[in-house]
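# Structural characterization, general
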Amino acid sequence: MRCLPLTTNVPYGYVKDPENPRRWVVDPVSADVVKRIFSMCMEGRGPKQIANQLKADKVLTPSAYRALQGIKTPNKKPEDPYDWHSSTIVAILERREYTGCTVNFKTYTNSIWDKKQRETPIEKQAIFPNTHERIIEDAVFEKVQEIRQQRHRMTRTGRSSIFSGLVYCSDCGSKMNYGSSNNGDPAQDFFDCSLHRKDKEKCKGHFIRVKVLERVVLKHIQAVTGYILRHEAHFRAVMEEQLRLESSEQIRIRRKQLERNENRIAELKRLFIRIYEDNASGRLSDERFDMLSLTYETEQKQLEAECITLRQEIEVQERQNENIEKFIQTAHRYVGIDELDGYALRELVSAIYVDAPDKSSGKRVQHIHIKYEGLGFIPLNELMKEETA
Ligand SMILES: [Zn+2]
């Protein structure tokens, strides 16, 4: 069955095909802006910062651009044609259609729970791949959704860091937050354990300067990409074995959790029907009914969100060999990299763990551990040792 987009509004970045108005074709000018928005997000910039940049660069907003082309839009012509809002940026960053697919049944009404229209959970959306030309690669789209779930943090100086959302404390597992010193000198910018910031006694000493982080992470990436260039086949074999060992156990744990969640969701639905009937027959007051249904609904939503994450994680792990190939391809593009930007960082790295400093040698040594995208930790020291042995 061929599937055609149901949406009558063509997303910004596309225009209707003059040959067949039910098809979308890429509009080069606006598609470039879409690509730029995704890149800026990958570089670690938040929606507000992206909007400000486009405004500063005098890029027409989607409605001003449509008006210019004489396409009718429900919104009336904006006062300022460059006045980008963060909500527009967010809407663009969340549109899966940019990967070339069609997403149908985007909103639904859940008649038992309420009459409000709500976003359809992703697994209930019908996704048809390759219905039109893509503007954004799948890997970039998924990464951007991940970044969107993390909160972007700006310091009082208005700066943000490419590392924001990626740095974790090795000891307590908390996110490490970006901060800048009182005098506002960028060279003093740092990350510190967020638990430590809340309670000085609870977790100590993970403070690390951004400058140090940049140097160490860049050096590690250079070593990894260099190693892959020299010994690609061996790297592949070692990582396949490591991932095989790690993931079978993790997949089993996640499957179990998923099953528990699904059982509880089914139970909540039964409970809801029961209180619905009790309320209809007068055994349960409206007040109690409202309270209970809210409780059930909140729990169900939370469980459903967890299920989505679990399913995604299982899927990623089951595609481990594909992940290794993807990483090797990405690594080849960054051989000889001499400066880190947010885009490169997010393509290669999924998390960075910072240890407390080790002073046993008399010097302050602070180790960091880098989790690479789709691979996890790379046993670089062991690999390099083998090489020199
Ligand atoms: Zn900590």
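Anyway, here's the lowdown on the structure attached to this text. Nothing here was measured: the structure is a model prediction, and the numbers come from that model.

## What about unusual backbone geometry?
Even without being a glycine, lysine 58 presents a positive backbone phi close to 55°. Relative to the helices and strands, lysine 58 resides in the loop between helix H2 (47-56) and helix H3 (62-68). Residue classification places lysine 58 among the exposed residues on the basis of a relative accessible area of 57%. The phi dihedral of asparagine 130 is positive, around 55°, even though this residue is not glycine.

## Observations regarding a negative patch on the surface
Side chains of Glu214, Asp338, Glu339 and Asp341 sit close together on the surface and give a patch of like negative charge. Judged by relative accessible area, glutamate 214 falls into the partly exposed class, the value being 34%.

## Concerning the sheet that holds strand S13 (residues 376-377)
Spatially, four strands are ordered S7-S11-S12-S13 in an open sheet, and the strand pairing comes out mixed. The open sheet terminates on both sides in strands that have one partner only, identified here as strand S7 (167-169) and S13. The pairing of strand S11 (residues 349-354) with strand S12 (residues 368-372) spans five bridges and is antiparallel. Across the sheet, residue tyrosine 353 finds its bridge partner in S12, namely histidine 369.

## Comments concerning the pairing of S12
Residues Ile368, Ile370 and Tyr372 line the buried face of S12, whereas the alternating positions His369 and Lys371 sit on a face that is not buried. The pairing of S12 with S13 spans two bridges and is classified as antiparallel. Its bridge partner being in S13, tyrosine 372 is matched across the sheet by glycine 376. In textbook terms, the turn of a hairpin is the stretch between consecutive antiparallel strands, and for S12 and S13 this stretch comprises three residues, one of which, glycine 374, has a positive phi near 80°.

Definitions and limits used
- Residues numbered from 1 in each chain as written.
- Predicted model: local features only at pLDDT ≥ 70, side-chain atom pairs only at ≥ 80, totals over all residues.
- Heavy atoms only, no water.
- Helix = DSSP H or I, 4+ residues; strand = E, 2+ residues; numbered from the N terminus.
- Buried < 20%, exposed > 50% of the residue type's maximum accessible area, 1.4 Å probe, protein only.
- Patch = residues over 30% accessible without salt bridge, like charges linked within 9 Å, V, L, I, M, F, W, Y side chains within 5 Å.
- Areas by Shrake-Rupley, 256 points an atom, 1.4 Å probe, with all protein chains shown as cover.
- Salt bridge = Lys/Arg side-chain N within 4 Å of Asp/Glu carboxyl O.
- Lys, Arg positive; Asp, Glu negative; His and termini not counted.
- Charge placed at Lys NZ, Arg CZ, Asp CG, Glu CD.
- Pairing = 2+ DSSP bridges.

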